[in-house]
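# Per-entry structural report
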Amino acid sequence: MADLYAILIKSWNDAQKEAFAIRKTVFIEEQGVPEEMELDEFDPICQHALAYENSRCIGTARLILPIEAANRQIARIGRMAVLAPYRKQGVGKSLLSALIKLGISKDITQFELHAQLSAIPFYEQLGFIATGNVYDEAGIAHRDMILQTPLSQSP
Ligand SMILES: CC(C)(COP(=O)(O)OP(=O)(O)OC[C@H]1O[C@@H](n2cnc3c(N)ncnc32)[C@H](O)[C@@H]1OP(=O)(O)O)[C@@H](O)C(=O)NCCC(=O)NCCS
């Protein structure tokens, strides 16, 4: 049970060992995502949120901050994974909230993500809205989702 857990934001250098262990268990072993698709060129430039129960890492997610001037205020969230025994206890929500808070502190006004269909209700709890058609990614059905922050509505 994740009675007491902490969320830390780390660079890829500091996060990779623990983040990859979680992603391997959840995406590669549980969901059958091909191992060669799991790590990509974005990991080193992302901010990574890690959830800890005591000293054990139990969940992870990442935030890709904009690198193109034209999309300065749009960031992408991804690789959201919580170990199965710790799900439905608020860990995923805390990871997502931490990344949204981090993005807002960097003037992000819109967050985007590719949601597995089964995870859409989870993201909706945080205010994300599904857009567009269903498509395949790594053999799993996905839809795009977006969240616009209150900042994006200010004049
Ligand atoms: C999706 C995932 C990260 C959610 O993490 P979690 O720790 O279980 O989520 P939380 O406990 O913080 O849930 C937050 C809210 O969403 C709800 N929720 C979580 N998963 C849900 C689901 N699959 N369907 C419906 N509601 C869900 C919870 O009930 C909770 O609602 P509440 O605040 O009213 O109680 C986790 O299920 C997971 O790792 N799944 C496997 C990997 C995956 O599919 N990742 C998403 C890739 S797009």
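Here, every reference points to the structure presented above.
Residues numbered from 1 in each chain as written. Predicted model: local features only at pLDDT ≥ 70, side-chain atom pairs only at ≥ 80, totals over all residues.

## Considerations on the sheet that holds strand β3 (residues 56-64)
Overall, mixed pairing links the seven strands, which are arranged β1-β2-β3-β4-β5-β7-β6 in an open sheet. A single partner strand is all that each edge strand has here, and the edge strands are β1 (5-10) and β6 (129-137). Strand-to-strand, the axes of this sheet are offset by a mean angle of 25°, without reference to chain direction. Where strand β5 (residues 110-116) lies against strand β7 (residues 140-148), seven bridges are found, and the strand directions are antiparallel. Paired with Gln116 across the strands is His142, a residue of β7. Seen against the sheet, helix α1 (residues 12-30) touches β1, β2 (47-53), β3 and β4 (74-82) and runs at an angle of roughly 105° to β3. On the sheet, helix α3 (residues 91-105) packs against β1, β2, β3, β4 and β5 and is oriented at approximately 35° with respect to β3. (Pairing = 2+ DSSP bridges. Helix = DSSP H or I, 4+ residues; strand = E, 2+ residues; numbered from the N terminus. Axes fitted to C-alpha atoms, helices over the stretch in contact; angles between N-to-C directions. Contact = placed C-beta atoms within 7 Å.)

## As for the site of the ligand
Surveying the vicinity of the ligand reveals 18 residues, the closest of which are Arg87, Gly92, Lys93, Pro121 and Phe122. Contributing elements (two or more residues each) for the shell around the ligand: β4, α3, β5 and α4 (120-125). Class assignment of the residues belonging to the shell around the ligand gives a composition of nine nonpolar, six polar and three charged. (Near = placed C-beta within 6 Å. Nonpolar A, V, L, I, M, F, W, Y, C, P; charged D, E, K, R; others polar.)

## Some remarks on α1
The end-to-end C-alpha distance of α1 is 23 Å, clearly below the 27 Å that 19 residues give at a rise of 1.5 Å each. Within α1, the axis deviates most sharply at Glu18, by approximately 35°. Of the residues trailing α1, Gly32 is marked for its positive phi of about 75°. (Expected span 1.5 Å × (residues − 1). Bend = angle between axes of the 7 residues up to and from the residue.)

## Observations concerning the nonpolar core
Ala61, Ile77, Leu95, Leu96, Leu99, Phe111 and Leu113 are the most contacted members of the largest nonpolar core, which has 31 residues in total. Those elements that provide at least two residues to this core are α1, β2, β3, β4, α3, β5 and β7. With sequence-adjacent residues up to four places away left out, Leu113 is seen in contact with Arg76, Ile77, Gly78, Tyr123, Phe128 and Met145. (Core = buried A, V, L, I, M, F, W, Y, C linked by C-beta atoms within 7 Å. Buried ≥ 20, exposed ≤ 12 C-beta atoms within 10 Å, placed from the backbone.)

## A look at the environment of Pro66
Among the structural elements, Pro66 can be located in the loop between β3 and β4. With 17 C-beta atoms packed within 10 Å, Pro66 lands in the partly exposed category. The sequence separation of Pro66 and Cys46 amounts to 20 residues, and the corresponding C-alpha distance is 9.8 Å.

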